[in-house]
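Architecture and fold: a report
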Amino acid sequence: MEKTRYTDLELAEFESLIDKKLEEAYKLYDFYKNQLQDKSLSGDAKLRGYDNSAETFETENINMLAARQSKYIKHLENAKQRIINKVYGICRETGKLISKERLMAVPHATLSIEAKKSH
């Protein structure tokens, strides 16, 4: 008989991994936000009266990285909710279990490799 869900012990293992990833993700997100805050407080280019395109590019890049990090955090938090609901690790397309190896590498995955390849 094919396994249809992960055991509570396995879910606890995944939750521990996700908690560690969340802690790292929040630190990086805070770093990006602090970089943006420092840039807005310095305002050097505005004081000189011209637009420094390199500085604008850097600010936009940090904004993009912060947005990407925020999205990653949301995915991890959603994965934690799936653990609470005991549906973690179930492919949203095939309904089969996502391999443990895949979830260890990408703990917020919602698609099995099989389903991901079919896209």
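Figured I'd write up the structure that's included with this text. (Residues numbered from 1 in each chain as written. Predicted model: local features only at pLDDT ≥ 70, side-chain atom pairs only at ≥ 80, totals over all residues. Heavy atoms only, no water.)

Re the overall build of the protein chain
Using the following cut-off: Under the scheme used here, helices are H or I runs from DSSP no shorter than 4 residues and strands are E runs no shorter than 2 residues, and both carry numbers assigned from the N terminus. Classification of residues uses two cut-offs on accessible area relative to the type maximum, computed with a 1.4 Å probe and protein chains only: under 20% is buried, over 50% is exposed, and between them is partly exposed. Any two residues whose heavy atoms approach within 4.5 Å at even a single point are treated as in contact. Residue burial considers only the protein chains on display, and all accessible areas are found by Shrake-Rupley using a 1.4 Å probe.
Assigned secondary structure in the protein chain consists of five helices and zero strands. Each helix (α) and strand (β) of the protein chain, taken in turn from the N terminus, gives the series α-α-α-α-α. Counting the 119 residues in the protein chain, one finds 27% classified as buried. If you take every contact in the protein chain between residues at least 6 apart in sequence, the share linking residues at least 24 apart comes to 62%. Only carbon and sulfur atoms are counted for the fraction: they give 54% of the accessible area of the protein chain, which is about 8200 Å².

Some thoughts on unusual backbone geometry
A negative phi angle is the norm for most residues apart from glycine, just as the trans form is the norm for most peptide bonds. Positive phi values are uncommon outside glycine, yet lysine 86 reaches one of about 60°. Along the chain, lysine 86 turns up in the loop between α3 (53-84) and α4 (100-105).

Some points on the pattern of salt bridges
In plain terms, the rule: Salt bridge, as used here, is a side-chain nitrogen of Lys or Arg placed within 4 Å of a carboxyl oxygen of Asp or Glu.
Per the counting criterion, the structure on display carries seven salt bridges. In this structure, glutamate 13 engages lysine 100 in a salt bridge whose closest nitrogen and oxygen atoms are separated by 3.3 Å. Highlighted residues: glutamate 13 in helix α1 (residues 8-42) and lysine 100 in helix α4, separated in sequence by 87 residues. Since its relative accessible area comes to 37%, glutamate 13 is described here as partly exposed. The class for lysine 100 is partly exposed, based on a relative accessible area of 27%. Ionic contacts of the salt-bridge type, sharing partners, join the residues Arg5, Asp8 and Lys86 into one network.

Considering the nonpolar core
In plain terms, the rule: Here, nonpolar core refers to any group of buried Ala, Val, Leu, Ile, Met, Phe, Trp, Tyr and Cys residues whose side-chain atoms link them within 4.5 Å.
In this structure, Phe14, Ile18, Ile83, Tyr88 and Leu103 are the most contacted members of the largest nonpolar core, which totals 17 residues. Of all the elements in the fold, those that place two or more residues in this core are α1 and α3. Among the elements that line this core, the one with the most residues is α1, at five residues. Once you skip the residues sitting within four places of it in the chain, isoleucine 18 turns out to touch Leu76, Ala79, Lys80, Ile83, Tyr88 and Pro107.

Notes on the packing of aromatic side chains
Quick reminder of the rule: Here a pair means two rings of Phe, Tyr or Trp (six-membered ring of Trp) with centres within 6.5 Å. Their orientation is stacked below 30 degrees between planes, edge-to-face above 60, and tilted elsewhere.
Evaluated as defined, the whole model comprises three aromatic pairs. Between the aromatic rings of phenylalanine 14 and tyrosine 88, the centroid separation amounts to 5.0 Å while the plane-to-plane angle is 50°, which identifies the pairing as tilted. With phenylalanine 14 in helix α1 and tyrosine 88 in the loop between α3 and α4, this pair connects stretches of sequence that are 74 residues apart. Residue class for phenylalanine 14 comes out buried when judged on its relative accessible area of 0%. Taking the relative accessible area as the measure of exposure, tyrosine 88 reaches 1% and is therefore buried.

Describing the side chain of arginine 82
The criterion, for reference: Charged residues are defined here as Lys and Arg on the positive side and Asp and Glu on the negative side; His and the ends of the chain fall outside this count. Pairing of N or O atoms within 3.5 Å defines a polar contact, subject to two protein rules: one partner must be a possible hydrogen donor and the other a possible acceptor, and residues neighboring in sequence count only if both atoms are side-chain atoms.
Position of arginine 82 relative to the elements: it lies in helix α3. No salt bridge is formed by the buried arginine 82. Its closest oppositely charged neighbour is glutamate 77, at 11 Å. A polar atom in the side chain of arginine 82 sits 3.3 Å from the backbone oxygen of histidine 108. In this structure, arginine 82 is in contact with Val87, Tyr88, His108, Ala109 and Thr110, ignoring residues within four places of it in sequence.

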